[in-house]
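Here's the letter readout for the chains.
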Amino acid sequence: TPSWAYRGNAVLLSRAAPGAGHLLARGPWGFAWFLATGLAIAAAHKLVASLGAEAVAVFFAYAACAVLSARSSLRLYLPQSMGPRLGVVSERVTCKHERRRVELTIRLETSASPAVLWERISDLPNFLTLDPFHERVTLVEREPRIGATLVLEHFAFGRRFTRFGRLLAWRPGQGYTFSDLSATGPRHGFPHAFLLDIEPTEAGAALRIRVRGRWTMPLVPTSLGMLWLTWVCREHARILRSTL
């Protein structure tokens, strides 16, 4: 089954160029979407040529094809199953920043017990790939422990690259923390850490995931970067909700 990294890229590519996500998955309908988009644009242009609003019509025709193509591409990627569904009853995503320091938070309330939720999230190689860009996660050591190295293989915008991290905290039954750093150094490529905590609730247990990092692209304003990070965070929450 293709990873969620492929799924996230398929959606992004299809929104940018209808049919591109199908080609990424080697699906047979990629070129059909290209043709359909061209026909839709031509039809929209012709229908409103006399009204002088060709640009607006072309934009909406293209946007409609992009949305439909993105939804269609999702069917090429079957959701990964980690076992019986935990029953996510609610989700909340918050994003904030102070200058270049950012903090993103996902909170999922489930009907599962803390022990069952821990069993699910402590399976690092599987759970950590439920992410828009994590294609494969490898725990170098045999057992998770503080200081253990993680190899985080990413797939984004059609290219693969490897990042590295370490387990900074490991609290059995309660949560853990790990870093996600660029191979070029800890001051490049949005260095960040994931903090996962299990919180007992009246109905079961909640999973709180915080992502703390620093925006390191000086040519891109932090406010614009936050829009991107917010989208990634919301997509991550949707993946978790549909899989756990």
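Here goes a summary of the coordinates provided. (Residues numbered from 1 in each chain as written. Predicted model: local features only at pLDDT ≥ 70, side-chain atom pairs only at ≥ 80, totals over all residues. Heavy atoms only, no water.)

## Quick word on helix 5 (residues 114-121)
Residues of helix 5 that are buried include every one of L117, W118, R120 and I121, and no others. All buried residues of helix 5 project into a common sector of 160 degrees when viewed along the axis, lining one side. Opposite the packed face of helix 5, turned more than 90 degrees from it, sit the exposed residues A115 and E119. Looking at the buried side of helix 5, the elements it contacts are helix 6 (124-127), strand 5 (159-171), strand 6 (175-182), strand 7 (192-200) and strand 8 (205-214). (Buried < 20%, exposed > 50% of the residue type's maximum accessible area, 1.4 Å probe, protein only. Helix = DSSP H or I, 4+ residues; strand = E, 2+ residues; numbered from the N terminus. Arc of directions from axis to C-beta. Contact = heavy atoms within 4.5 Å.)

## A short note on unusual backbone geometry
Not every positive phi belongs to a glycine, and R99 is a case in point at roughly 55 degrees. Residue position: R99 is located in the loop between strand 1 (88-98) and strand 2 (101-110). The exposure class of R99 is exposed, given its relative accessible area of 75%. We note that F190 has phi near 50 degrees; this positive angle belongs to a residue other than glycine. With a relative accessible area of 14%, F190 lands in the buried category.

## Observations regarding the pairing of strand 8
Across the 10 residues that make up strand 8, a large majority, 7, are buried. Pairing geometry for strand 2 and strand 8, over 10 bridges, is antiparallel. When the bridges of strand 8 are listed, V102 appears paired with G213. (Pairing = 2+ DSSP bridges.)

## Regarding the nonpolar core
Residues F127 and Y176 are the most contacted members of the largest nonpolar core, which totals 40 residues. At 6 residues, helix 7 (residues 222-243) tops the list of elements feeding residues into this core. (Core = buried A, V, L, I, M, F, W, Y, C linked by side-chain atoms within 4.5 Å.)

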